[in-house]
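Report on the structure
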Amino acid sequence: MKNEQKKENPGDIIITPAGPMSKEHVHLVNKDESLKQNNDGSAEILKASETAPVLSSIPEWIPEDHIITPGGLRNKSLVHLVEAQQILDGSGGGIKKLDRNGKLMKDFGPVVRKPLHQALMPSNITLPEKQVPGLGTGWIVYTDWTNKTGTPVSSFETTWVVPPAPATNAALIYIFNGIQNSTMIYQPVLQWGNNGESGGHYWQVASWYADGKDGDAHHSSYIPVSPGDILVGIITLTAQNGTNFNYNCEFRGIANSGFAIQNVEELTWCIETLEAYNVNQASDYPVRKIVMSNINLQTGNTSVAVNWHSDNAVTDTGQEAVVINNSSLNEEVDLYCYTIQQLSVAQNADGRLELFYTSINDALYHVWQAAPNSGWVTDEPLGDNNAAKQLCVGSNSDGRLEVFYVGTNDKLYHNWQVSPNGGWSGEHTMGGTAKQVMVGKNADGRLEIFYLGTNDHLYHNWQVPGGWSGESELGGMAKQIAVGNNLDGRLELFYVGTDNKIYHNWQTAPNGNWGGEAAMGGAAKQVIVDKNADGRLELFYVGTNDAIYHNWQAVPNGGWSGEASMGGLAKQLHIGKNADGRLELFYIGTDDNLYHNWQTAVNNGWNGEAAIGGAAKQIALAANADGRLEIFYAGTNNVLYHNWQTGPNEGWIGEQRM
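All values reported here derive from a predicted model rather than from experimental measurement. (Residues numbered from 1 in each chain as written. Predicted model: local features only at pLDDT ≥ 70, side-chain atom pairs only at ≥ 80, totals over all residues. Heavy atoms only, no water.)

To continue, consider the overall build of the chain. Regarding its fold elements, the chain presents 1 helix and 52 strands. Taken over the C-alpha atoms alone, the chain extends approximately 90 × 80 × 45 Å along its principal axes. Looking at the chain residue by residue over its 658 residues, the buried ones come to 52%. A separation of at least 24 residues holds for 49% of the contacts in the chain among residues at least 6 apart in sequence. A total accessible area of about 26,600 Å² is found for the chain, and carbon and sulfur atoms account for 48% of it. In the chain, 41 positive and 69 negative side-chain charges are present, and the distance between their average locations comes to 3 Å. (Helix = DSSP H or I, 4+ residues; strand = E, 2+ residues; numbered from the N terminus. Buried < 20%, exposed > 50% of the residue type's maximum accessible area, 1.4 Å probe, protein only. Contact = heavy atoms within 4.5 Å. Areas by Shrake-Rupley, 256 points an atom, 1.4 Å probe, with all protein chains shown as cover. Lys, Arg positive; Asp, Glu negative; His and termini not counted. Charge placed at Lys NZ, Arg CZ, Asp CG, Glu CD.)

Here 4 strands make up an open sheet; going across it, the order is 27-28-29-30 and the pairing antiparallel. Strands at the two margins of the open sheet, each flanked by one partner only, are strand 27 (340-347) and strand 30 (380-381). With 5 bridges joining them, strand 28 (residues 353-359) and strand 29 (residues 364-368) adopt antiparallel strand pairing. Bridge assignment links Phe356 to a residue of strand 29, and that residue is His366. (Pairing = 2+ DSSP bridges.)

Turning our eyes to something else, we now look at the nonpolar core. Grouped together as the largest cluster of nonpolar side chains are 73 residues, with contacts concentrated most on Tyr186 and Leu274. Beyond its immediate chain neighbours, meaning those up to four positions away, Tyr186 contacts Gly178, Ile179, Trp208, Tyr209, Ile235, Tyr247, Asn248, Cys249, Phe259, Ala260, Ile261 and Leu267. In terms of nonpolar packing, the next biggest core, distinct from the first, is built from 23 residues, Tyr142, Phe176, Ile185 and Tyr277 among them. (Core = buried A, V, L, I, M, F, W, Y, C linked by side-chain atoms within 4.5 Å.)

Let us now look at the sheet that holds strand 52 (residues 656-657). The strands making up a sheet are joined through hydrogen bonds of the backbone, oriented either antiparallel or parallel. Ordered by their spatial adjacency, 7 strands build an open sheet running 46-47-48-49-50-51-52, and the pairing between neighbours is antiparallel. The two strands at the open ends of the sheet, each matched to only one other strand, are strand 46 (572-577) and strand 52. Sheet topology places strand 46 next to strand 47 (residues 583-588); 6 bridges connect them, and they run antiparallel. Residue pairing across strands places Lys577 opposite Leu583, the latter belonging to strand 47.

On to the side chain of His218, then. With respect to the secondary-structure elements, His218 resides in strand 16 (residues 217-219). If near-sequence neighbours (up to four positions away) are discounted, His218 is found in contact with His80, Val82, Leu88, Ile95, Phe108, Ser207, Trp208, Tyr209 and Phe259.

This next bit is on the layout of surface pockets. Computed from the structure, the second largest pocket encloses a volume of approximately 560 Å³. Elements that contribute at least two residues to the lining of the second largest pocket include exactly strand 12 (153-161), strand 22 (289-299), strand 26 (331-336), strand 51 (640-644) and strand 52. Here the lining of the second largest pocket gets 5 residues from one element, more than from any other, and that element is strand 22. A breakdown of the residues in the lining of the second largest pocket according to their chemical character gives 14 nonpolar, 8 polar and 7 charged. (1 Å grid on protein atoms, 1.4 Å probe; cavity = no way out; pocket = protein on both sides within 12 Å on 5 of 7 lines; lining within 4 Å. Points joined across faces, edges and corners; volume = space filled by probe spheres on them. Nonpolar A, V, L, I, M, F, W, Y, C, P; charged D, E, K, R; others polar.)

Next comes the structure, spelled out in structure tokens:
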């Protein structure tokens, strides 16, 4: 018997623009539906109920009968929906809405032309009444480029990732690439917050074609998107007839996210923009930076190497637009929303570094390597509206990271990974109040925190089965503390007393009790400690005269050599260990510049001061999985930078904005 091949019934085949397809693979997307392309390449049709989350209540700061559109405050009567397959037509000096067959749906009347040779935005934004103590509003930071090539822009696309939700939710945020002339702007826009017409505590996208002050604004349907979704906003020239131009704007892969315009003036000014309203604090922004990447701007069939110009209109939380790459392909512009203050870093169980920091308003964030020794993911808030004055991080015996921090109310908190390399438990109070907290690990793997109370007394709290022991006074009073592990596993605490003298206190046996306060000699502003390759502890400190000193154990677990000068002047120190065991000291000089000094051989002498590049307010340090040291620091401009060894025990790549 011959095998019979199943034949398709001709009635089951549809001839699509991509060729013949079975009916089961051809789907209608209705005007109240949208097509969402997922990051894995699959697609799904979303019903209206799925694409329209419940509108949150209209914020009190938005005037009645008004909407805050991209471009500012407008009366609701000036804001119009352009449904799927409808077109805006600019012939005759006005704007008309047409259906797919060219039938007139609505005539919006003439458009008032603005002065030529000047971009419409941001000078034509109508700002809402300023909120107190609100921060800057409108176009916050942006980059712009004017097409003077003589050939119209034929395509302008940008890729960015939907950020996580802001730690606090007061603001209305717009993020977009766009192109404009002197009268109108055309833009695919990502939105957070309620604009008076749509939105809430979620992200959504829509395309906009808008006039300036007192003019009309037109938008496509609002379509929700999720943090982590990859967006590609694209504006395309579809036709030209003399001085009349036709364009299309949409988010690639998201059906009904855009609409076409025809018979309009040429669009010439290109922008990448962060726009915001009702920002009250840095944590109202979603992330530290928004990466606008894979920017491809074409004139005709040519990809243009764009000389982007940065405009930083508002800088009250450290906002800044930074051009990363100006090449003709894969250009990148980073839109920074806020700067940082405190920072701490540790290595996950799988070797990936994870950085923890506070923003300018003390909100707590973290960011981690995507893979060991690799690049970094997008920053996220650590917990819901958590804030810290000072923080440190330790690693549990099973590899789970645990962050300890002093809240803005001076109370002690912690937050831990629920599994190695995994998610986080959320904020938990520990009991006690503090000015500074540090963490050490006992010989048996139990974490123990040491902290300065608000009364300057020294306290500690350690892990016990099922939790923590609770606050216990250790004895002594201090200004600043550091903790290290002796070769035999005994913890040893070093601190600057309230009299500026240096003291230490150590466990009398591994995991055991404490011997009590003992003077070390010397006076200091800051102390840090690390272990030499042979197990001897070495103390480094900034003297009261700003000079750098060190003091080391003569033998492992033993007595101390006494104070010795290292050379150099410093405000802050940090110590790390190279892959071959040599210690390396990093410090902020009294001139704010960054320096380092390293052992020339294991357990041996020191090279002497050397500049490493950059200027800083605070530094943190960790070793990558392959042993390369990496330093992180808040620059004197409060921007986050990093610098890493090009190979284990080798030289440095140089300052890199993070």
